[in-house]
Amino acid sequence: MKSVLASIPGRVCLTSDLWTSIATDGYMCVTAHFIDANWVLQKRVLNFCFMPPPHNGVSLFEKVYKLLSMWGIENKIFCVTLDNASSNDISVDMLRTQLKNKKALVCNGEFFHLRCCAHILNLVVQDGLKEIDVVVQKIRESIKYVRGSQGRKKSFYESVKQMDLDGKKGLRQDVPTRWNSTFLMLQSALSYRRAFQRLELTDYNFKHCPTGGEWEKAEKIKKFFAVFYDATLVFSGTKYPTANLYFPQVFIVYFTLKKESDSEDEYMRKMADQMLVKFEKYWIEFSVVLAIAVVLDPRYKLPFIDWCYQKLYGYASSLQYVKVREKLFALFGEYVSNVSTPSISFEMAGQATQETEEQYANEGSLFMMQEFDSFHSMDMGRQAQKTQLELYLEEPRVDRNAKLDILAFWKGNEFRYPELTAMARDVLSIPISTVASESTFSVWGRVIDQFRSALKPNVVEALVCSKDWLYADIELAQSELEELTEDIMTMNINKDEHIEDTSSMGPSISSNPVS
């Protein structure tokens, strides 16, 4: 693993989170995100280590810096993505100061700290759900009631059948602290709205069915929160770059909130206003590096940033746009000074010209061609003054609807724009959420259960990290596993048939057992 980290051509981005096991032991998960030499986005759990109390900012900083030093990557960090805990703010400030003193950060650490975008969306939506608590609670209790006994389930699905609805979708119970599960609950309940209304007529014990007006309110809520749900799905990716997808999604969320805050519907307006206050609190602290990331997507570039700010701010958008453009060129300037690039050799061009001068006996012809050489040199000089970033921005944009593999695009332009490509490699490796670390807790929360709660922390870390490292490149989806199992079974059947067919060829074949 140390060899892999040492061979990374660019920088490393980190996510980190804390977790408490069933045995009340504290663990810290540190995950590295980087783009390798083949332009494949990689994710590795570096540490899943015991974290004793106190879990304050100083302790977290000391632990993280010790781990980075152990791996030898303390000078290769680009950014750290953390949730919104106050202790994380203190620790990341201390870590930034430490690395700035070592001159190990890009742009003096300006883009070093990134807040988990999925957490921010969760906080924004939870504020909105406070206003619709009665409607959501009724639907929640209705689903609990139906799933409370086998008899109720039977009655409900009889209603589904009577209303000619699709019974295969099923009802989904939400987790109140996870708004995306609340959205899915509303989505499933609304598809069975008529079944719930019929159940209310046939089952006198069913007291929680929403009224007609409340169902209409739930339908509006579902459509409103669908925007946030789509954004959360994009932000939660770990197998593909998400930094370039952030700005388009957040623009749609912000624009939707502004639109609903001017709605004629008083209920939707009140909910959107409350969410907008929370959203703008974090929008002010929004990291410009995520706007830079969308510029590095050839489907958008700077015109998309300009258009988004105009839609949001109108004539006052120029200041925001200029700020992003200045930060973009400042960041690129860091890579220009650090990446060696091949330059055009005008001396070689001059030598070639001198060799061809002998071909012209007529001095007038020679003078005319020398004039062209001078004109061409001036044109080349003007082009040479343009940076790789300027040349990239001047190129026509790729069709926005094109299915573009952004890493493949930059891999193909690695030799055209070496400096810009080095910047793109680091920026596109930024994880915009801490999902990678949290998913590790979810998996190992099922392993360190009440039957395995005595596992020592060093054994737990060895199990978590070794599995992550060994299987990182060969993870199979469930469907692929099923296909593989079917192939193996088919192979064994074919072996059995083959051996039966060849049993007459000799005892040495028929006597071999089939395993």
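Please refer to the structure placed before this passage.
Attention in this report is confined to the structure presented alongside it. (Residues numbered from 1 in each chain as written. Predicted model: local features only at pLDDT ≥ 70, side-chain atom pairs only at ≥ 80, totals over all residues. Heavy atoms only, no water.)

The next thing to look at is the overall build of the protein. When you go through the protein residue by residue, the secondary structure sums to 23 helices and five strands. Across the protein, the fraction of contacts at a sequence separation of at least 24, relative to all contacts at a separation of at least 6, is 73%. Roughly 28,000 Å² of accessible area belongs to the protein as shown, and the carbon and sulfur atoms make up 53% of that amount. (Helix = DSSP H or I, 4+ residues; strand = E, 2+ residues; numbered from the N terminus. Contact = heavy atoms within 4.5 Å. Areas by Shrake-Rupley, 256 points an atom, 1.4 Å probe, with all protein chains shown as cover.)

Inspection of every chain in the model, using the stated rule, returns 31 aromatic pairs. Residues Trp 19 and Phe 48 carry aromatic rings whose centres are separated by 6.0 Å and whose planes lie at 50° to one another, so their mutual orientation is tilted. Here Trp 19 is found in strand E1 (residues 12-20), whereas its partner Phe 48 is found in strand E3 (residues 41-50), with 29 residues between them in sequence. A single burial state applies to Trp 19 and to Phe 48, both of which are buried. (Phe/Tyr/Trp six-rings, centres within 6.5 Å; stacked < 30°, edge-to-face > 60°. Buried < 20%, exposed > 50% of the residue type's maximum accessible area, 1.4 Å probe, protein only.)

Most of strand E2 (residues 26-35) is tucked away: ten of the ten residues are buried. With eight bridges connecting them, E1 and E2 associate as antiparallel partners. Paired with Leu 18 across the two strands is Met 28, which belongs to E2. A loop of five residues connects E1 with E2, the two strands running antiparallel in sequence, and Thr 24 in this loop sits at a positive phi of about 60°. The pairing of E2 with E3 spans nine bridges and is antiparallel. Paired with Ile 35 across the two strands is Leu 41, which belongs to E3. Linking E2 back to E3 in an antiparallel pair, the connection comprises five residues, with Trp 39 at a positive phi of about 60°. (Pairing = 2+ DSSP bridges.)

Under the 1.5 Å per step criterion, the end-to-end length of helix H11 (residues 266-284) is 27 Å for 19 residues, consistent within 8% with the ideal 27 Å. Within H11, burial applies to Tyr 267, Met 268, Met 271, Ala 272, Met 275, Leu 276, Lys 278, Phe 279, Tyr 282 and Trp 283. For H11, the N-terminal cap is Asp 265; the gap from its side-chain oxygen to the backbone nitrogen of Tyr 267 is 3.0 Å. (Expected span 1.5 Å × (residues − 1). Polar contact = N/O pair within 3.5 Å; in protein donor to acceptor, adjacent residues only side chain to side chain.)

Of all hydrophobic cores here, the largest spans 104 residues; its most connected members are Phe 196, Phe 228, Phe 247 and Trp 410. Sorting elements by how many residues they give to this core places helix H9 (residues 212-235) first, with ten residues. Apart from the residues within four sequence positions on either side, Phe 247 is in contact with Trp 283, Phe 286, Leu 290, Ala 291, Val 294, Phe 304, Ile 305, Cys 308 and Tyr 309. If you look at the next biggest cluster of nonpolar residues, it comprises 28 residues, including Val 30, Val 64, Val 80 and Leu 105. (Core = buried A, V, L, I, M, F, W, Y, C linked by side-chain atoms within 4.5 Å.)

Let us look at the packing of helix H6 (residues 150-162) against helix H8 (residues 193-202). One can describe the packing of H6 onto H8 by two numbers: an axis separation of 8 Å at closest approach and a directional angle of 120°. Between H6 and H8, the crossing angle belongs to the class labelled oblique. Relative to H8, H6 is oriented so that their crossing is right-handed. Of H8, the residues touching H6 (which contributes Ser 155, Phe 156, Ser 159, Val 160 and Gln 162) are Ala 195, Phe 196, Arg 198 and Leu 199. (Axes fitted to C-alpha atoms, helices over the stretch in contact; angles between N-to-C directions. Parallel < 35°, antiparallel > 145°, perpendicular 65-115°, else oblique. Left-handed = near helix turned anticlockwise from the far one by under 90°.)

A word on the sheet that holds E2. On the basis of which strands lie adjacent, the open sheet formed by five strands has the order E3-E2-E1-E4-E5 and mixed pairing. Across the chains shown, the open sheet's two edge strands, defined by having one partner strand only, are E3 and strand E5 (113-115). Strand-to-strand twist in this sheet, taken as the mean axis angle between neighbours without regard to direction, amounts to 25°. Sheet strands touched by helix H21 (residues 457-471): E2 and E3. Its angle to E3, the strand with the most contacts, is close to 175°.

Another point: the pattern of salt bridges. Scanning the model with the defined rule gives 15 salt bridges in all. Glu 74 is the partner of Lys 102 in a salt bridge, and the nearest nitrogen-oxygen pair spans 3.7 Å. With Lys 102 in the loop between helix H3 (86-101) and E5 and Glu 74 in the loop between helix H2 (57-71) and strand E4 (77-82), this pair connects stretches of sequence that are 28 residues apart. Given a relative accessible area of 35%, Lys 102 falls into the partly exposed group. Residue classification places Glu 74 among the buried positions, given a relative accessible area of 14%. A salt bridge links Lys 222 to Glu 219, with the nearest nitrogen and oxygen atoms 3.5 Å apart. Separated by three residues within a single helix, Lys 222 and Glu 219 lie in helix H9, roughly one turn from each other. (Salt bridge = Lys/Arg side-chain N within 4 Å of Asp/Glu carboxyl O.)

Our focus in this paragraph is the side chain of Asp 426. Turning to its location among the elements, Asp 426 is positioned in helix H19 (residues 418-427). Every residue in contact with Asp 426, bar those within four places of it in the chain, is listed here: Gly 10, Arg 11, Cys 13, Phe 78 and Tyr 335.

What follows covers the state of the cysteines. Each disulfide is one covalent bond, formed between the sulfur atoms of two cysteines. Counted according to the given criterion, the structure contains zero disulfides. Between Cys 29, a free cysteine, and Cys 465, which holds the nearest cysteine sulfur, the sulfur-to-sulfur gap is 7.6 Å. In this structure Cys 29 comes out as buried when scored by relative accessible area, which is 0%. (Disulfide = S-S within 2.5 Å.)

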